[in-house]
Amino acid sequence: MKQLIKKITAFSASAVIAVCSSAGNAAIGADTTEKTTYKVHFDLSEEGVTIVPDSDGNVPEIKDVEKEYNAAVFMPSVELKREGYYFTGWTADNIYGYKGGMVYRVPDHDVTLTPVWNKKGDSDLHTVKFSVEIDGKVNEEYEKLVPAEKRPSGTLVEIPMYAFPRDGYKQYGWTDGTNIFKGQEYIIIQDEDITLTPNWYKKYLLTYTVGDADRINGATKQEYEVMETGEVELQNSSRFSRNGFEIIGWHCENDGKDYKCNQKFVMPSSDVVMTPIWFAINYNVVFFANTKSDADDLRIRGKTDTAITIPECTAVMEGYTFGGWQYKDTVFQPGDEFIIPGAEPGLGISFNAIWIEGSGEQITTTTTSSITTTSATTTTTSATSSITSTTSATETTSTTTTVTEPITTTTTSTEPEATMLGDANCDGAIDMADAVLIMQALANPNKYGVNGTSPNCMTATGKLNADVDLESPGLTTGDALVIQLYLLGRVEKFPLY
């Protein structure tokens, strides 16, 4: 059973939860809050106590310190002298001992530390026994790993770092029934034998779940084993991912209280369930006019699951007629209602202006506040050009405008074919640049779309290569997301790749 025993170099009273958190828009300023400090006094008033000079003949100085609660104070690394005794360390209570150079944590009150003395010639030894009993049975094999110590009074015995396994429990140091001693701490030998036993704590489940929430990306539940009364740091805002929302805290289903992200939480003697406190993201919805001036772009603020009104396009493009605002595969007209759905993490919400060459098209748009599907058909005849965009809904309104325009010349070319799925920029490799080009083409098709004005625009072949999200045919933000997941190793290969 020795292979089950862990000898650890650092002991934690709680489950360690690895987190990665970020902070934005932090305000930095002077902290005007007055700090409460406590005094740590080293008492050398005992008769006959002197400080031994160092190797250079200088007498070290021991100064009192004042620090905040839980601050670290290093024990003086000096040698004290008293006739008839050996100096073994420092203590504040004659129970816990500290050797020179060890860290002492400041309590929430003033404290006095005094020297610990071992009388010279004292041959009366006292035993410190480490007894390991599990479910009423002594485990002799375990006890061999922590043999008893025999020392005279006034000496210090180091607590072993061994943590022994027990089903449903976690060991946190050792106890004499009253005090708890952690590994690498020291206990002062008194004028009696001492028996220490493992300090067992029962383990319970700390569960994080998304609760009754939709639009979740990735994991929906995480569980950790934490010992009762153990203090843990609650997860940060990145534990779960939900389109359009961010986590600003945690609601405890057990006690009904709300906690901040990363706040300390003491585990009770029961399982605990934490659900996120979701906060709707306030988006700056961008309407790209796709002219050559950023000043023509429009912006409207709105939170996830709230409605905004599609604005009028104030921009003018010579030789073109404004045909509406496109979001993904749907075209909206000014005055329509749009419910903000929330975007994938790291992405925003944007519309792109549709510009139709000439001014003689027939445009029919049917929209309502609840849009389900969109279809678009283009028909060219010898005298007129007719473009029809229809959106089905429960209630509809229809507007039709008919004008004529000159006949345009149409050329026929060989249809392009995909060469490597995921390679949007056709450079022979799949990397982050492909995802970036997709987002650029969607945000500014005039510049980065097929045959755009930029020398780095997408080609017709690149557009076919970019279509890797089977759930969203055509070029969409889903394609950029799938490529990113592929680069992260979460997608093994693209369809037909």
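Residues numbered from 1 in each chain as written. Predicted model: local features only at pLDDT ≥ 70, side-chain atom pairs only at ≥ 80, totals over all residues. Heavy atoms only, no water.

S.K.: In this structure, what is going on with the sheet that holds strand β4 (residues 65–68)? I would like to understand it.
M.R.: The strands making up a sheet associate through backbone hydrogen bonding, with each pair oriented either parallel or antiparallel. The sheet built from 7 strands is open, its strands ordered β4-β2-β10-β7-β8-β19-β15 with mixed pairing. The open sheet has two edge strands with one neighbour each: β4 and β15 (156–158). Direction aside, neighbouring strands of the sheet carry axes that sit 45 degrees apart on average. Looking at chain direction, strand β7 (residues 85–91) and strand β10 (residues 111–119) are connected through 6 bridges and run antiparallel. Residue pairing in the sheet places F87 in a bridge with W117 of β10. (Pairing = 2+ DSSP bridges. Helix = DSSP H or I, 4+ residues; strand = E, 2+ residues; numbered from the N terminus. Axes fitted to C-alpha atoms, helices over the stretch in contact; angles between N-to-C directions.)

S.K.: Quick question: what am I supposed to make of the packing of aromatic side chains here?
M.R.: When we look at a pair of aromatic rings, we describe it by the centre distance and by the angle of the planes. Tallied over the full model, the rule gives 24 aromatic pairs. Ring geometry for F322 against W325: centres 5.3 Å apart, planes inclined by 65 degrees, an arrangement best described as edge-to-face. Each ring, one from F332 and one from F351, has its centre 5.8 Å from the other, and the planes form 75 degrees; the classification is edge-to-face. Here F332, found in strand β33 (residues 330–332), pairs with F351, found in strand β35 (residues 350–357); they are 19 residues apart in sequence, far enough to count as distant. For F332, a relative accessible area of 5% corresponds to the buried category. Pairwise contacts between aromatic rings join F287, F322, W325, Y327, F332, F338, F351 and W355 into one cluster. The ring centre of Y169 lies 4.0 Å from the NZ or CZ of R166, which sits over that ring. Residue placement shows K202 over the ring face of Y169; its charged tip is 5.1 Å from the ring centre. (Phe/Tyr/Trp six-rings, centres within 6.5 Å; stacked < 30°, edge-to-face > 60°. Buried < 20%, exposed > 50% of the residue type's maximum accessible area, 1.4 Å probe, protein only. Lys NZ or Arg CZ within 6 Å of the ring centre and 35° of its normal.)

S.K.: Got a minute to help me understand the environment of A460 in this structure?
M.R.: For A460, the location among the structural elements is in helix α4 (residues 460–466). C-alpha of A460 to C-alpha of A418: the two residues are 42 residues apart in sequence and 8.9 Å apart in space. Every residue in contact with A460, bar those within four places of it in the chain, is listed here: P416 and V450. (Contact = heavy atoms within 4.5 Å.)

S.K.: I tried to follow the nonpolar core on my own but got confused; where do I start?
M.R.: Taken as a class, soluble globular proteins show a tendency for nonpolar side chains to be buried jointly. With 41 residues, the main nonpolar core has F42, L80, W90, F164, W174 and L196 as its most contacted residues. At the level of secondary structure, the elements contributing two or more residues to this core comprise β2 (37–42), β7, β8 (96–98), β10, β11 (125–130), β15, β19 (186–188) and β20 (194–209). Examining the composition of this core, we find that 4 residues originate from one element, β10, more than from any other. Of all hydrophobic cores here, the second largest spans 22 residues; its members include L234, F245, W250 and M267. (Core = buried A, V, L, I, M, F, W, Y, C linked by side-chain atoms within 4.5 Å.)

S.K.: Help me understand the packing of helix α2 (residues 432–443) against helix α5 (residues 477–487) in this model?
M.R.: When two helices pack together, their arrangement is given by the angle between their axes and by how far apart the axes lie. Running from amino to carboxyl end, α2 crosses α5 at an angle of 170 degrees, the nearest separation of the two axes being 9 Å. Classed by the angle they form, the pair α2 and α5 counts as roughly antiparallel. Counted together, M432, D434, A435, I438, M439 and L442 of α2 and T477, D479, A480, I483, Q484 and L487 of α5 form the full contact between these two elements. For the contact of α2 with α5, the residue count by class is 8 nonpolar, 2 polar and 2 charged. (Parallel < 35°, antiparallel > 145°, perpendicular 65-115°, else oblique. Nonpolar A, V, L, I, M, F, W, Y, C, P; charged D, E, K, R; others polar.)

S.K.: Teacher, can you tell me more about the sheet that holds strand β30 (residues 298–303) here?
M.R.: As summarised here, the arrangement of the 5 strands in space is β30-β29-β35-β32-β33, forming an open sheet in which the pairing is mixed. Looking at the sheet topology across the chains shown, the edges are occupied by β30 and β33. Between one strand axis and the next, the sheet turns by 30 degrees as a mean value, whatever way the strands run. The pairing of strand β29 (residues 282–288) with β35 spans 3 bridges and is parallel.

S.K.: I tried to follow the side chain of D469 on my own but got confused; where do I start?
M.R.: Locating D469 in the fold gives a position in the loop between α4 and α5. Of the side chains with opposite charge, K328 comes closest to the buried, unpaired D469, at an N-O distance of 8.4 Å. (Lys, Arg positive; Asp, Glu negative; His and termini not counted. Salt bridge = Lys/Arg side-chain N within 4 Å of Asp/Glu carboxyl O.)

S.K.: Teacher, can you tell me more about the pattern of salt bridges here?
M.R.: Working definition: two side chains of opposite charge can pair if their charged atoms are close together. Counted according to the given criterion, the structure contains 9 salt bridges. A salt bridge links R151 to E149; the shortest N-O distance between them is 3.3 Å. Across the pair D214 and R242 runs a salt bridge whose closest N-O atoms are separated by 3.0 Å. Here the residue D214 occupies a position in the loop between β20 and β21 (216–217), and R242 occupies one in strand β24 (residues 241–242), the gap between them amounting to 28 residues. Salt bridges sharing partners connect three or more residues here, namely D214, R215, R242 and D305.

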